[in-house]
Amino acid sequence: MATDWNRLHNQFPTLLQQVNGKPLVYLDSAATTQKPLAVLDSLRKFYVDDNANVHRGIHALSMRATDAYEAARERAARFINAAEPAEIIFTRGTTEAINLVAASWCSANLKKGDVVLITEMEHHSNLVPWQLAAWRSGATLRYVPVLGDDAEGGLDMEALDRLLTPEVKLFAFTHVSNTLGIVNPVADLCARARKVGALTLVDAAQSIGHMTVDVRAIGCDFLAFSGHKMVGPTGIGVLYGRRALLDAMPPWQSGGGMISMVDFFESTWKPSPERFEAGTPNVADAVALAAAMDFVDSVGREAIDAHDRALAAYAMDSLADIPGIRILGPRRGQARSGLVSFALKDAHAHDVVTFADQDGIALRGGHHCNQPLMKKLGLTSTSRASFYIYNTREEIDRLAASLKRIVKFFGGE
Ligand code: C6P
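Per chain, residue numbering runs from 1 following the sequence as it is written. pLDDT decides what is reported in this predicted model: residues at 70 or higher carry local features, side-chain atom pairs at 80 or more are listed and counted, and totals for whole chains, interfaces and linings draw on all residues regardless. Here the side-chain values reflect all heavy atoms present in the structure, with hydrogen atoms and water set aside.

### Here we look at empty space enclosed by the protein
Piece 1. Both site types are read off a 1 Å grid over the protein atoms alone. A 1.4 Å probe that fits but cannot get out defines a cavity, while an open set with protein on both sides within 12 Å along at least five of seven lines defines a pocket; lining residues have an atom within 4 Å of a point. Grid points are joined across faces, edges and corners, and a volume is the space filled by probe spheres set on the points. Following the criterion strictly, the structure yields 1 cavity of 30 Å³ or more and no others.
Piece 2. Within this model, the largest cavity holds a volume of roughly 60 Å³.
Piece 3. Amino acids are sorted into nonpolar (Ala, Val, Leu, Ile, Met, Phe, Trp, Tyr, Cys and Pro), charged (Asp, Glu, Lys and Arg) and polar (every other residue, Gly among them). For the lining of the largest cavity, a count of residues per class yields 4 nonpolar, 6 polar and no charged.
Piece 4. A domain split of the lining of the largest cavity shows at least three residues from each of domain 1 (5-30 + 300-411) and domain 2 (41-297). An automatic or database domain assignment supplies the residue ranges for each domain.

Below, the structure is given as structure tokens:
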């Protein structure tokens, strides 16, 4: 049955408001998505019915909370096709998940002479943690370049093969670029890394709620994502890791919940996932993340992917004739996920966002935590429209009209 995208819109109460006297057009889902009633209800239900700490008490509420938390872990494992729930570690989000690997795995495995390979399109969250890990260990960083004046060519695969030498211990890359909208060939990237014995980490922040993400089909060793970019709450995310790797990694934070035994001068650790979840975890948000996964799957990830791509293609067509526009990433007709970043010759991104806001349209302007990529492309900022299940073509028409008004105001043709 065809999805009724307009009806879906009504399940997101935040969207049903006016901004500056106009119906809100929310085009900033790459920053964070809005939350449907099903997720809000799940949060409320947990706090009203089951609220208790987990893995500690044996009273009824604590057991219910523990069951709900572990069911959320099991749901997350199914969502990404992990082999077992123990491969799911709850974190605050993508950033914390990547930092966990950079702190734990790198402290035990990275040494002088080793290389961490990343790409020029990485978000700071998949870049700065590796800088720190390299500084601490004496390892070095290498970058896979992006091709084209507007990075329309994606990753330079020939350069990748030259850069993937046996010194590379870890290759970390994004599934979908939050500035370019490019969908990287993640399974192919993992296969190439495996040939030289390098582990792989996939940053799935921008893909997780938009397309099927199957860790076993991708063949990655680690994968990170945030709940808030897939209709879930903020403050919850997942690090997936292969069980054998996780069990061999040292703790990165310590305290209650992660130990087997503590004596005055020594302690031993539980296996994964408890080893990496010190302290009281974010139980309510993990439970609501499971509700978000149910919601996304009820719409269908293939349908969402097709919807997002169709909107991105429509936006590319609608914005193409705006005077002085420079659109980054894949060209018209090439595959891109549901976001479009652009620079206007005559207006700064912050002015674009401010003007669009007057028209009730939420965009993002800035470097999008992609400063090295911006530098490479000779930019300091772009404006970005990002789409999700509640967006429509009519909203993109409103965006195009608003941009034309902006260009006119700033003296473009
Ligand atoms: N990008 C954007 O507007 P956190 O903040 O941990 O949930 O996600 C970090 C992150 C990691 N990788 C990619 C590819 C991302 O896009 C993000 C977050 C937001 O583009 C905020 S800068």
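### Concerning the site of the ligand
Piece 1. Only a single heavy atom is needed: when it lies within 4 Å of a molecule or strand, its residue is near that molecule or strand. By nearness alone, 17 residues border the ligand, and Thr95, Asp203, Ser226, His228 and Arg364 come closest of all.
Piece 2. Nitrogen and oxygen atoms within 3.5 Å of one another constitute a polar contact, given that in protein one can donate a hydrogen and the other can accept it, and given that sequence-neighbouring residues count only through two side-chain atoms. Between the ligand and the protein, one listed contact pairs an oxygen atom with a side-chain N or O atom of Ser226 at 2.7 Å.
Piece 3. One of the side-chain N or O atoms of His228 is found 2.7 Å from an oxygen atom in the ligand.
Piece 4. Contact with the protein chains covers 87% of the free accessible surface of the ligand, which is 510 Å².
Piece 5. Each molecule is checked against the cavity or pocket grid, and it sits inside if more than half of its atoms lie within 2 Å of the grid points. With respect to the detected pockets, the ligand is housed in the largest pocket.
Piece 6. Class assignment of the residues belonging to the shell around the ligand gives a composition of 4 nonpolar, 9 polar and 4 charged. Surface accessibility in these figures is a Shrake-Rupley result with a 1.4 Å probe; residues are shielded only by whichever protein chains are displayed.

### Describing the environment of Glu302
Piece 1. Strands are runs of DSSP state E lasting at least 2 residues, helices are runs of H or I lasting at least 4, and numbering of each runs from the N terminus. Secondary-structure assignment places Glu302 in helix α11 (residues 301-319).
Piece 2. The sequence separation of Glu302 and Thr212 amounts to 90 residues, and the corresponding C-alpha distance is 6.9 Å.

### Quick word on the domain arrangement of the chain
Piece 1. Assigned domains of the chain: these are domain 1 (5-30 + 300-411) and domain 2 (41-297).
Piece 2. Centre-to-centre separation of domain 1 and domain 2, based on C-alpha positions: 28 Å.
Piece 3. Buried surface area refers to the total accessible area, computed with a probe of radius 1.4 Å, that the two partners give up upon joining, counted for both partners together. A buried area of about 2,900 Å², summed over both sides, lies between domain 1 and domain 2, and 50% of it is on carbon and sulfur atoms.
Piece 4. Taken as a group, Arg301, Leu373 and Tyr388 account for 24% of the area that domain 1 buries against domain 2, more than any other trio of residues on that side.
Piece 5. Think of a salt bridge as a Lys or Arg side-chain nitrogen and an Asp or Glu carboxyl oxygen that are within 4 Å of each other. Linking domain 1 with domain 2 are 5 salt bridges.
Piece 6. The salt bridge involving Glu120 is made with Lys376; its shortest N-O contact spans 2.9 Å.
Piece 7. Linking domain 1 to domain 2 there are 26 residue pairs in polar contact (both at pLDDT 80 or more).
Piece 8. Going through the elements one at a time, α11, β15 (325-327), β16 (339-344) and α13 (371-376) are the ones with two or more residues in the side of domain 1 that touches domain 2.
Piece 9. When the residues that make up the side of domain 1 that touches domain 2 are grouped by side-chain class, the tally is 16 nonpolar, 10 polar and 9 charged.

### Considering the packing of aromatic side chains
What characterises a pair of aromatic rings is the spacing of the ring centres plus the angle enclosed by the ring planes.
Piece 1. By convention, a stacked pair of Phe, Tyr or Trp rings (six-membered ring in the case of Trp) has centres within 6.5 Å and planes under 30 degrees apart, an edge-to-face pair has planes over 60 apart, and any other such pair is tilted. Counted under the stated rule, the structure contains 10 aromatic pairs.
Piece 2. When the ring of Tyr69 is compared with that of Phe90, the centres are 5.3 Å apart and the planes differ by 45°; the resulting orientation is tilted. In this pair, Tyr69 is assigned in helix α3 (residues 60-79) and Phe90 in strand β4 (residues 88-91), connecting sequence segments 21 residues apart.
Piece 3. When the ring of Tyr388 is compared with that of Tyr390, the centres are 5.7 Å apart and the planes differ by 85°; the resulting orientation is edge-to-face. Just as Tyr388 is buried, Tyr390 falls in that class too.
Piece 4. An aromatic cluster is built from Phe12, Tyr26, Phe295, Tyr388 and Tyr390, whose rings are joined through pairwise contacts.
Piece 5. Taking NZ or CZ as reference, Arg301 lies 3.6 Å from the ring centre of Phe79, over its face. For each residue, the accessible area found with a 1.4 Å probe, counting protein chains only, is set against the maximum for its type, and the residue is called buried under 20%, exposed over 50%, and partly exposed in between. As a reminder, the over-ring test applies to NZ of lysine and CZ of arginine, requiring each to be within 6 Å of the ring centre and within 35 degrees of the ring normal.

### Considering a nonpolar patch on the surface
Piece 1. For patch detection, residues must exceed 30% relative accessible area and be free of salt bridges, and they are connected within 9 Å for like charges or within 5 Å for nonpolar side chains (Val, Leu, Ile, Met, Phe, Trp, Tyr). Taken together, Val128, Leu132 and Trp135 make up a surface patch of nonpolar side chains, about 310 Å² in accessible area.
Piece 2. Mapped onto the secondary structure, Val128 falls in helix α5 (residues 128-137).

### Some details on the layout of surface pockets
Piece 1. Of the voids in this model, the largest pocket is the one considered here, and its volume is about 350 Å³.
Piece 2. Lining the largest pocket are 27 residues, with Thr94, Thr95, His123, Ser125 and Lys229 sitting closest to its centre.
Piece 3. In terms of residue count, the dominant contributor to the lining of the largest pocket is helix α4 (residues 94-109) (3 residues).
Piece 4. Residue composition of the lining of the largest pocket, by class: 6 nonpolar, 14 polar and 7 charged.
Piece 5. Structurally, the lining of the largest pocket is a two-domain feature, drawing no fewer than three residues from each of domain 1 (5-30 + 300-411) and domain 2 (41-297).

### Focus: unusual backbone geometry
Piece 1. The step from Ser272 to Pro273 runs through a cis peptide bond, and the omega angle for that step is 5°.
Piece 2. Assignment of secondary structure puts Pro273 in the loop between β14 (267-269) and α10 (283-299).
Piece 3. Here Val231, not a glycine, exhibits a phi torsion of approximately 65°, which is positive.
Piece 4. Tracing the backbone through its elements, the reader meets Val231 in the loop between β11 (222-226) and β12 (237-241).
Piece 5. Phi is positive for Cys369, which is not a glycine, with a value near 60°.
Piece 6. By secondary structure assignment, the location of Cys369 is in the loop between β18 (364-366) and α13.
Piece 7. Residue class for Cys369 comes out partly exposed when judged on its relative accessible area of 22%.

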